[in-house]
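So you can see what is in the structure, the chains are spelled out below.
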Amino acid sequence: MTDIFTTEKRSEIMSKISSTETKPEILVRKYLFAQGFRFRKNDKRLPGKPDVVLPKYKTVIFIHGCFWHGHPECKKSKLPETRKEFWEKKISKNIIRDSDNYDELKNLGWNIVIIWECDINNKAKREITFSKLLIALKSQI
């Protein structure tokens, strides 16, 4: 199946996708704040600029989009049929960069939590994911 948009239009659409302040990030931050956690957002001092930094718990949280970070076995991470080589290269670079950032953070003594967008896209999944997150954070005290 070919793309229904021109190359210029597709480029314009893709350029408008935000890398911060995404809906999944906002959901996680609102939940954490409501539970009494205080945090920093996108701290540039740490490798990978984690979406949420909880210094008191020495924990960082990455909220990953399934497509952009290549979530294994997720329907949302399916690559487009057009320019397949470009997308494979781009996503694999993202995965490698993420892995390098995780290694650096672990070497600095940080705990890492990764939340995938598909794990919080409906209420039932969100409740399960958030309860696991809460347990993980409380075990860091």
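Going by the structure above, here's the rest.
Rules used throughout
Residues numbered from 1 in each chain as written. Predicted model: local features only at pLDDT ≥ 70, side-chain atom pairs only at ≥ 80, totals over all residues. Heavy atoms only, no water. Axes fitted to C-alpha atoms, helices over the stretch in contact; angles between N-to-C directions. Helix = DSSP H or I, 4+ residues; strand = E, 2+ residues; numbered from the N terminus. Parallel < 35°, antiparallel > 145°, perpendicular 65-115°, else oblique. Left-handed = near helix turned anticlockwise from the far one by under 90°. Contact = heavy atoms within 4.5 Å. Nonpolar A, V, L, I, M, F, W, Y, C, P; charged D, E, K, R; others polar. Buried < 20%, exposed > 50% of the residue type's maximum accessible area, 1.4 Å probe, protein only. Lys, Arg positive; Asp, Glu negative; His and termini not counted. Salt bridge = Lys/Arg side-chain N within 4 Å of Asp/Glu carboxyl O. Core = buried A, V, L, I, M, F, W, Y, C linked by side-chain atoms within 4.5 Å.

### Digging into the packing of helix α2 (residues 23–34) against helix α4 (residues 123–138)
Now for step 1: As a packed pair, α2 and α4 sit with axes 11 Å apart at the nearest point and diverge in direction by 55°. Classified by the interaxial angle, the pair formed by α2 and α4 is oblique. Handedness of the α2/α4 crossing: right-handed. For the pair α2 and α4, contact is made by L27, V28, Y31 and L32 and by R126, F130, L133, L134 and L137, respectively.
Now for step 2: Broken down by class, the residue content of the contact of α2 with α4 amounts to 8 nonpolar, no polar and 1 charged.

### Considering the side chain of D51
Now for step 1: Looking at the element boundaries, D51 is found in the loop between β1 (40–41) and β2 (52–54).
Now for step 2: R29 provides the closest opposite charge to the buried, salt-bridge-free D51, at an N-O distance of 6.6 Å.
Now for step 3: With residues up to four places along the chain from it excluded, the contact list for D51 reads E25, R40, K41, N42, I61, F62 and I63.

### Some points on the nonpolar core
Now for step 1: Grouped together as the largest cluster of nonpolar side chains are 16 residues, with contacts concentrated most on V28, L32, F37, L54, I61, I115 and L133.
Now for step 2: Of all the secondary structure elements, the ones that give two or more residues to this core are α2, β2, β3 (59–64), β4 (111–116) and α4.
Now for step 3: Tallying contributions element by element places α4 first for this core, with 4 residues.
Now for step 4: Excluding residues that lie within four positions of it along the chain, L54 makes contacts with F37, R38, F39, T59, I61, W110 and L137.
Now for step 5: Counting 7 residues, the second-largest nonpolar core is a separate cluster that includes V53, V60, F62 and W110.

### Description of the side chain of D98
Now for step 1: On the secondary structure map, D98 appears in helix α3 (residues 84–107).
Now for step 2: With residues near it in sequence (within four places) discarded, D98 still touches H64 and H69.

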